[in-house]
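Listed here are the chains, written in short residue letters.
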Amino acid sequence: MTMNIIKFDNTEYKYKSHTEIEEKPAVSNLNLEIEQGQFVVVIGKNGSGKSTFARLMNALILPTKGAVYINGLKTSEDEYLWDIRQCVGMVFQNPDNQIVATSVEEDVAFGPENLGVPSNEIKARVEDSLKAVGMSEYKKSAPHNLSGGQKQRIAIAGILAMKPKCIILDEATSMLDPVGRKEVLEVLKKLNLEENITIIHITHHMNEAIYADRVVIIEDGKVIKDGTPREIFADVEGIKKLGLDVPQVTELFYELKKEGFELPLEIIDVDEAVEVLRSLLI
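Values in this document were obtained by computation on a predicted structure and should not be read as measured data.

1. Focus: the overall build of the protein
Across its full length, the protein carries 10 helices and 10 strands. Dimensions of the protein, computed from C-alpha atoms along their principal axes, come out at roughly 65 × 55 × 40 Å. Considering only contacts in the protein between residues 6 or more positions apart, those separated by 24 or more positions represent 65%. Total accessible area on the protein is roughly 14,300 Å²; 49% of this is exposed by carbon and sulfur atoms. A gap of 1 Å separates the mean positions of the 32 positive and 45 negative side-chain charges of the protein.

2. With respect to unusual backbone geometry
If you check the backbone angles, Ala59 has positive phi at about 60° while not being a glycine. If you trace the backbone, Ala59 turns up in the loop between helix 1 (50-57) and strand 4 (65-70). The class of Ala59 is buried, set by a relative accessible area of 7%. For Lys163, which is not glycine, the phi dihedral falls at a positive 55°. Tracing the sequence through the fold places Lys163 in the loop between helix 5 (148-160) and strand 7 (166-170).

3. A word on the pairing of strand 7
Two faces, one strand: in a regular strand the side chains alternate between the faces of the sheet. Most of strand 7 sits out of view: five of its five residues are buried. The alternating pattern of strand 7 places Cys166, Ile168 and Asp170 on one face and Ile167 and Leu169 on the opposite face, and all of these are buried. Bridging between strand 6 (residues 88-91) and strand 7 involves four bridges; their strand directions are parallel. Residue pairing for strand 7: Gly89 is matched across the bridge by Ile167. Once you follow strand 7 into helix 6 (residues 178-195) and on to strand 8 (residues 198-202), the crossover reads as right-handed.

4. Looking at the packing of aromatic side chains
All told, the structure shown has two aromatic pairs when counted by the stated rule. Between the aromatic rings of Phe8 and Phe53, the centroid separation amounts to 4.9 Å while the plane-to-plane angle is 20°, which identifies the pairing as stacked. In this pair, Phe8 sits in strand 1 (residues 4-13) while Phe53 sits in helix 1, placing the two residues 45 residues apart along the sequence. Take Phe8 and Phe53: they sit in the same class, and that class is buried. For the pair Tyr13 and Tyr15, a centre-to-centre distance of 4.7 Å together with 80° between the ring planes defines the contact as edge-to-face.

5. Thoughts on the packing of helix 5 against helix 6
Where helix 5 meets helix 6, the closest approach of the two axes is 8 Å, and the angle between their N-to-C directions is 25°. Here helix 5 is positioned roughly parallel relative to helix 6, judged by the angle of their axes. Crossing hand, helix 5 versus helix 6: right-handed. Contact residues: helix 5 offers Gly149, Gln150, Gln152, Arg153, Ile156 and Leu160, while helix 6 offers Gly180, Glu183, Val184, Val187, Leu188 and Leu191. Within the contact of helix 5 with helix 6, the residues separate by chemical class into six nonpolar, four polar and two charged.

6. A look at the environment of Arg214
On the secondary structure map, Arg214 appears in strand 9 (residues 214-219). Residue classification places Arg214 among the buried residues on the basis of a relative accessible area of 11%. Note: C-alpha distance between Arg214 and Glu231 (17 residues apart in sequence) is 9.4 Å. Setting aside its immediate chain neighbours within four residues, Arg214 contacts Leu32, Glu33, Ile34, Gln38, Phe39, Val40, Val41, Asp226, Gly227, Thr228 and Pro229. Separated by 2.8 Å, the side chain of Arg214 and the backbone oxygen of Glu33 make a polar contact. Within the local environment of Arg214, its side chain forms a polar contact with the side chain of Gln38, the two groups lying 2.9 Å apart.

7. Structural notes on helix 6
The end-to-end C-alpha distance of helix 6, which contains 18 residues, comes to 25 Å, matching closely the 26 Å that a straight helix rising 1.5 Å per residue would cover. Along helix 6, the positions that sit buried rather than exposed are Gly180, Arg181, Val184, Leu185, Val187, Leu188, Leu191 and Asn192. Axial view of helix 6: buried residues confined to an arc of 155°, hence all on one face. Facing away from the buried side of helix 6 by more than 90 degrees, the exposed set consists of Pro178, Val179, Leu193 and Glu194. Following helix 6 by one or two positions, Asn196 has its phi on the positive side, about 60°.

8. Re the side chain of Thr75
When you line up the elements, Thr75 lands in the loop between strand 5 (73-74) and helix 2 (81-87). Given the relative accessible area of 3%, Thr75 is considered buried. Those residues in contact with Thr75 that sit more than four places away from it in its chain are Leu56, Ala59, Leu62, Pro63, Val68, Ile70 and Ile84.

9. Focus on the pattern of salt bridges
For the coordinates displayed, the defined rule picks out 17 salt bridges. With a shortest N-O distance of 3.3 Å, Lys225 and Asp235 are connected by a salt bridge. Placement of Lys225 in strand 10 (residues 222-227) and of Asp235 in the loop between helix 7 (229-234) and helix 8 (236-241) is noted, with a sequence separation of 10 residues between them. Overall, the relative accessible area of 32% leaves Asp235 in the partly exposed class.

Calculation notes
- Residues numbered from 1 in each chain as written.
- Predicted model: local features only at pLDDT ≥ 70, side-chain atom pairs only at ≥ 80, totals over all residues.
- Heavy atoms only, no water.
- Helix = DSSP H or I, 4+ residues; strand = E, 2+ residues; numbered from the N terminus.
- Contact = heavy atoms within 4.5 Å.
- Areas by Shrake-Rupley, 256 points an atom, 1.4 Å probe, with all protein chains shown as cover.
- Lys, Arg positive; Asp, Glu negative; His and termini not counted.
- Charge placed at Lys NZ, Arg CZ, Asp CG, Glu CD.
- Buried < 20%, exposed > 50% of the residue type's maximum accessible area, 1.4 Å probe, protein only.
- Pairing = 2+ DSSP bridges.
- Right-handed = clockwise from strand over helix to strand, strands pointing away.
- Phe/Tyr/Trp six-rings, centres within 6.5 Å; stacked < 30°, edge-to-face > 60°.
- Axes fitted to C-alpha atoms, helices over the stretch in contact; angles between N-to-C directions.
- Parallel < 35°, antiparallel > 145°, perpendicular 65-115°, else oblique.
- Left-handed = near helix turned anticlockwise from the far one by under 90°.
- Nonpolar A, V, L, I, M, F, W, Y, C, P; charged D, E, K, R; others polar.
- Polar contact = N/O pair within 3.5 Å; in protein donor to acceptor, adjacent residues only side chain to side chain.
- Expected span 1.5 Å × (residues − 1).
- Arc of directions from axis to C-beta.
- Salt bridge = Lys/Arg side-chain N within 4 Å of Asp/Glu carboxyl O.

Structure (structure tokens):
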């Protein structure tokens, strides 16, 4: 039986107002369950509540109403905070903000050192984590000499070394070029498939949704769509009405269909699109 690693139970979060005006909740009536081992992409416009959603999952903020459970533990219970932070690792937008040491291996060792892991175990974890993200050859390098994609992979390795069950990425690819984004997404998919690590990837790059097995759309602090990437993006017009884009391949098929070509809209992958187009030309 698969266990829920994340559960939002009628969750609300309202930021404190510095004025007399009543603040609207950033997240409200949020009910969502994420199973261990899922790869979930979360999308929504700026201001939709995505970052609040991410911070609630790591107990960086606590619900003002309702509850959030991480691996069965309620985030508002102080005695569980340490266990929750070990269970869920966060990777943020700017990798430079997460790099704390002068060499790659020291940086990756920082987290387990703070957890009190024995030194021989730390060494093994650093080796394993760097190998998992394809950065073993850079272990003696200075992080500031690395590319953005490489730095973000080091940030992921630092989280991995703490052996989390879940990794949350809050717009972690937004500052990267397309090559860096692809590097990071391929590492995440590999960790998800091989290590059964739950991935929750918050992004505004729709093409990244093809790596997920589930897409969640948040609007005004509520989940308004939840399904597979194919199910979600097949409704091109509905997605556009929300002020969001669809993957480029889906957009192409949508435009071709408007021109009279009989094409499916649930295509989200370039290779798949090539096969469909090839079959039309034969």
